[in-house]
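Residue-level structure breakdown
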Amino acid sequence: MRKLKMPKQQLNNFEDVFHIFEASQNAKGVSETTLNNYKYNLKNISKYLDVRKPFEDVTKRDIEQMVAAMRDAGLAHNSIATYVRNLKTFYNWCKAEGFPSIDFPSIRERETVKETYTDAELERLLRRPTGDCDFGEYRSWVLVNFFMNSGCRSATVRHIQNKDVDFGSMTVVFRHNKNGRIQTIPLCSLMASILKEYMKIRGGAADAYLFCNTYGEMLTEDALRHAIRRYNQSRGVESTSIHKFRHTFARKYLIDCGGNAFTLQKLMGHSTLNMTKHYCRVFDTDIAKDYDILSPLAQFQKGRVRITKR
């Protein structure tokens, strides 16, 4: 493939070259989510870096000043680390394509505890709506159940088609994943029963999108996010994060269901075990559960008479 090189005298500003990078990644076939992340990052970076500056004049010092300005503005450490990581991806591409490049260190993300929905919130969210609810509320209820059955991403669930659901094998095929791989995940009996009823109401051809809008069309990312926000708030749950269901699924699977990291890796579509290990680490606070039973000290001393202070 011919590289997208430009003579130095034809180089434009930073923003122009970044748009060439975006076009290259689009041609490469990266996911819509990744492309949107690049656009979002450029928009936010432009608040702290002069993207109208001639591309070849942007220096390592400019990147360092950008990071310092972000810190002064109170941006979260991990947000800054994400911006820097994406800039490194951009500059690595520049180097491969013959553009001027800059070498600068990465910022290591700090590990944080993933927020999850509480059991009380899940009870409200998973409670079946009344018979007089509209299609939007009913679909959102099915979606919340589906998120808790599979832990999938919002972009993945939006691309599922009717034909991807197989009640014979009790599975559903994910054709749209962050890593670009096709994935098959199981359906529990309850989820299968919910989907059977939903699909009778939803109808549509085999290649129609499973979770559609009221016109049978594919849900947009914004429409899905707004639908879950309305649904959660109508149930008295202020948190409306879709990705929070993914964290909740991982925590429940590991802690409450006794699942293992290797199976969780397959269910969540992680390319490597590294991200799955991250979930295992951040939920270590839950090892205190039933520790009076599991503690070697408690087991050894069980039934023994202890000396008490008088």
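Let me begin by describing the structure that accompanies this report. (Residues numbered from 1 in each chain as written. Predicted model: local features only at pLDDT ≥ 70, side-chain atom pairs only at ≥ 80, totals over all residues. Heavy atoms only, no water.)

**Remarks on the overall build of the chain**
- Within the chain, the regular secondary structure consists of 14 helices and three strands.
- Taken across its 310 residues, the chain has 43% of its residues classed as buried.
- In the chain, the proportion of contacts linking residues at least 24 apart, taken out of those at least 6 apart, comes to 63%.
- Looking at the chain as shown, the accessible area adds up to about 18,000 Å², and 51% of this sits on carbon and sulfur atoms. (Helix = DSSP H or I, 4+ residues; strand = E, 2+ residues; numbered from the N terminus. Buried < 20%, exposed > 50% of the residue type's maximum accessible area, 1.4 Å probe, protein only. Contact = heavy atoms within 4.5 Å. Areas by Shrake-Rupley, 256 points an atom, 1.4 Å probe, with all protein chains shown as cover.)

**Focus on helix α5 (residues 119-126)**
- By the burial criterion, the buried members of α5 are Glu121, Leu122 and Leu125. When α5 is viewed along its axis, its buried side chains cluster within an angular range of 100 degrees and face the same direction.
- Buried residues belonging to α5 abut α6 (135-150), α9 (221-234) and α10 (243-256). (Arc of directions from axis to C-beta.)

**Points about the pairing of strand β3 (residues 183-186)**
- The alternating pattern of β3 places Gln183 and Ile185 on a buried face, while none of Thr184 and Pro186, on the opposite face, is buried.
- One ladder, built from four bridges, connects strand β2 (residues 171-174) with β3; its direction is antiparallel. Bridge pairing in β3 places phenylalanine 174 opposite glutamine 183. (Pairing = 2+ DSSP bridges.)

**Re the sheet that holds strand β1 (residues 165-166)**
- Taken together, three strands build an open sheet; the order of strands is β1-β2-β3 and the sheet is antiparallel. On the outer flanks of this sheet lie β1 and β3, each paired with one strand and no other.

**Focus: the pairing of β2**
- The two faces of β2 match: Thr171 and Val173 on one face and Val172 and Phe174 on the other face are all buried.
- As paired strands, β1 and β2 are joined by two bridges and run antiparallel to one another. Looking across to β2, one finds that valine 165 is bridged to valine 172.
- Between β1 and the antiparallel strand that follows it, β2, lie four residues; methionine 170 among them carries a positive phi value of about 55 degrees.

**Here we look at the packing of aromatic side chains**
- Taken as a whole and assessed by the stated rule, the structure comprises 25 aromatic pairs.
- Ring centres of phenylalanine 14 and phenylalanine 18 lie 6.2 Å apart, and the angle between their planes is 25 degrees; on these two criteria the pair is classed as stacked. Here the residue phenylalanine 14 and the residue phenylalanine 18 both occupy positions in helix α1 (residues 14-28), the gap between them amounting to four residues, near one helical turn.
- Note on phenylalanine 14: relative accessible area 0%, which makes it buried.
- Plain terms: the ring middles of phenylalanine 18 and phenylalanine 21 are 5.4 Å apart, the flat faces sit at 65 degrees to each other, and that makes the pair edge-to-face. Here phenylalanine 18 pairs with phenylalanine 21, and both are found in helix α1, just three residues apart, close to one helical turn. There is no split in this pair, since phenylalanine 18 and phenylalanine 21 are both buried.
- The rings of Phe14, Phe18, Phe21, Tyr38, Phe55, Phe90, Tyr91, Trp93, Phe99 and Phe104 are connected pair by pair, giving a single aromatic cluster.
- Above the ring of phenylalanine 104, the side-chain terminus of lysine 88 is found at 5.0 Å from the ring centroid. (Phe/Tyr/Trp six-rings, centres within 6.5 Å; stacked < 30°, edge-to-face > 60°. Lys NZ or Arg CZ within 6 Å of the ring centre and 35° of its normal.)

**Comments concerning the nonpolar core**
- In this structure, Val142, Phe146, Val157, Leu195 and Phe211 are the most contacted members of the largest nonpolar core, which totals 34 residues.
- Listing elements by their share of this core, those giving two or more residues are α5, α6, β2, α8 (189-202) and α9.
- Considering every element that reaches this core, the biggest residue donor is α6, with eight residues.
- Non-local contacts of valine 142, meaning those with residues more than four positions away in its chain, are made with Met191, Ile194, Leu195, Tyr198 and Phe211.
- Of all hydrophobic cores here, the second largest spans 29 residues; its members include Ile45, Ile63, Met66 and Tyr91. (Core = buried A, V, L, I, M, F, W, Y, C linked by side-chain atoms within 4.5 Å.)

**Structural notes on the packing of α1 against helix α2 (residues 32-45)**
- Two elements in contact, α1 and α2, have axes separated by 10 Å at closest approach and are oriented at 170 degrees. One way to sum up the angle between α1 and α2 is to call them roughly antiparallel. Facing Phe14, Glu15, Phe18, His19, Phe21, Glu22, Gln25 and Asn26 of α1, the residues of α2 in contact are Leu35, Tyr38, Lys39 and Leu42.
- Of the residues belonging to the contact of α1 with α2, the class tally is six nonpolar, three polar and three charged. (Axes fitted to C-alpha atoms, helices over the stretch in contact; angles between N-to-C directions. Parallel < 35°, antiparallel > 145°, perpendicular 65-115°, else oblique. Nonpolar A, V, L, I, M, F, W, Y, C, P; charged D, E, K, R; others polar.)

**Let's talk about the side chain of arginine 202**
- Tracing the backbone through its elements, the reader meets arginine 202 in helix α8.
- Of the side chains bearing the opposite charge, aspartate 207 lies closest to the buried arginine 202, which forms no salt bridge; the N-O distance is 8.3 Å.
- Of the polar contacts made by the side chain of arginine 202, one reaches the backbone oxygen of leucine 210; its length is 3.5 Å.
- Setting aside chain neighbours within four positions, we find arginine 202 in contact with Asn162, Ala208, Tyr209, Leu210, Cys212 and Gly216. (Lys, Arg positive; Asp, Glu negative; His and termini not counted. Salt bridge = Lys/Arg side-chain N within 4 Å of Asp/Glu carboxyl O. Polar contact = N/O pair within 3.5 Å; in protein donor to acceptor, adjacent residues only side chain to side chain.)

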